[in-house]
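Coordinate analysis (summary)
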Amino acid sequence: ETGVTQTPRHLVMGMTNKKSLKCEQHLGHNAMYWYKQSAKKPLELMFVYNFKEQTENNSVPSRFSPECPNSSHLFLHLHTLQPEDSALYLCASSQGGNFYEQYFGPGTRLTVT
Amino acid sequence: GQQLNQSPQSMFIQEGEDVSMNCTSSSIFNTWLWYKQDPGEGPVLLIALYKAGELTSNGRLTAQFGITRKDSFLNISASIPSDVGIYFCAGQPRAASGAGSYQLTFGKGTKLSVIP
């Protein structure tokens, strides 16, 4: 595997379900990010982790819970989501010292029914 | 918050034509990035710009960091069908520092269609 991988690529879940999104980066980067991409809107940054420590939480509802066990892996735990949470969830990573060059995974297309 | 205005929102061009799109802001940015996103995939970094006036090429793509630090443009020369996709600009605002430094502001994208 190379670059940034995300699983699953597609997910359909009910509002009462609990599911997790997984991201893994094979680039040796130190920082990892979760973004939400909705139609007609700019990418929205959700969370930032640097060396496993959360450094940003952009007022994300608590039904989204991130976890970063090490610099290569990032999870997004989902529970009691709403239909408006349906979107493409993108993971990205960047190297320490150059946080601006972020490399994205293919995303997880989430549909909440 | 910071906003980036990308134009045009969409464009249809003939294969072989050159393409130009731009991104503007009301405030100063320290860094400009250009990404391309194909359907069903994540954005792919094309070009990164770090200095006002900087002009950088990546194959048929050329991007410039505006000298006012409030804009950037991306040119694609001799377009081909695989150039189809959505092109995003992103930037790091000058005001961001400390904990906010990791944040990029993204534009809404320019959707490019190439007619063979």
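Residues numbered from 1 in each chain as written. Chains lettered and ligands numbered in written order. Predicted model: local features only at pLDDT ≥ 70, side-chain atom pairs only at ≥ 80, totals over all residues. Heavy atoms only, no water.

On to the sheet that holds strand E3 (residues 19-25) of chain B, then. Residues and elements named next belong to chain B. Strand order in the open sheet formed by five strands is E1-E3-E8-E7-E6, with antiparallel pairing between adjacent strands. Of all strands in the sheet, those bounded by a partner on one side alone are strand E1 (4-7) and strand E6 (55-58). Adjacent strand axes in the sheet meet at a mean angle of 15°, parallel and antiparallel pairs treated alike. Pairing of E6 with strand E7 (residues 61-65), which is carried by four bridges, proceeds in the antiparallel orientation. Paired with Ser57 across the bridge in E7 is Thr62. (Pairing = 2+ DSSP bridges. Helix = DSSP H or I, 4+ residues; strand = E, 2+ residues; numbered from the N terminus. Axes fitted to C-alpha atoms, helices over the stretch in contact; angles between N-to-C directions.)

All names here are of chain A. If you walk across this open sheet you meet the four strands as E1-E3-E8-E7, and the pairing is antiparallel. A single partner strand is all that each edge strand has here, and the edge strands are strand E1 (4-7) and strand E7 (64-70). When strand polarity is set aside, the average angle formed by the axes of neighbouring strands in this sheet is 20°. Here strand E3 (residues 18-25) pairs with strand E8 (residues 73-79) via seven bridges, running antiparallel.

A few words on the pattern of salt bridges. Residue and element names in this part refer to chain B. Tallying each qualifying case throughout the model produces five salt bridges over all chains. In this structure, Asp83 engages Arg60 in a salt bridge whose closest nitrogen and oxygen atoms are separated by 2.8 Å. Of this pair, Asp83 sits in the loop between strand E8 (71-76) and strand E9 (85-93) while Arg60 is found in the loop between E6 and E7, placing the two residues 23 residues apart along the sequence. Under the relative-accessibility criterion, Arg60 is labelled partly exposed at 27%. (Salt bridge = Lys/Arg side-chain N within 4 Å of Asp/Glu carboxyl O. Buried < 20%, exposed > 50% of the residue type's maximum accessible area, 1.4 Å probe, protein only.)

Quick look at the nonpolar core now. With 22 residues, the main nonpolar core has A:Trp34, A:Phe64, A:Leu76 and A:Leu78 as its most contacted residues. Mapped by element, the contributors of at least two residues to this core are strand E2 (10-13), E3, strand E4 (31-37), strand E5 (44-50), E7, E8, strand E9 (87-95) and strand E11 (108-112) of chain A. In this structure, A:Phe64 is in contact with A:Met46, A:Phe47, A:Leu76, A:His77, A:Leu78, A:Leu81, A:Asp85 and A:Tyr89, ignoring residues within four places of it in sequence. If you look at the next biggest cluster of nonpolar residues, it comprises 21 residues, including B:Cys23, B:Leu49, B:Leu74 and B:Cys89. (Core = buried A, V, L, I, M, F, W, Y, C linked by side-chain atoms within 4.5 Å. Contact = heavy atoms within 4.5 Å.)

So far we have only geometry, and geometry alone does not tell us how the molecule works.
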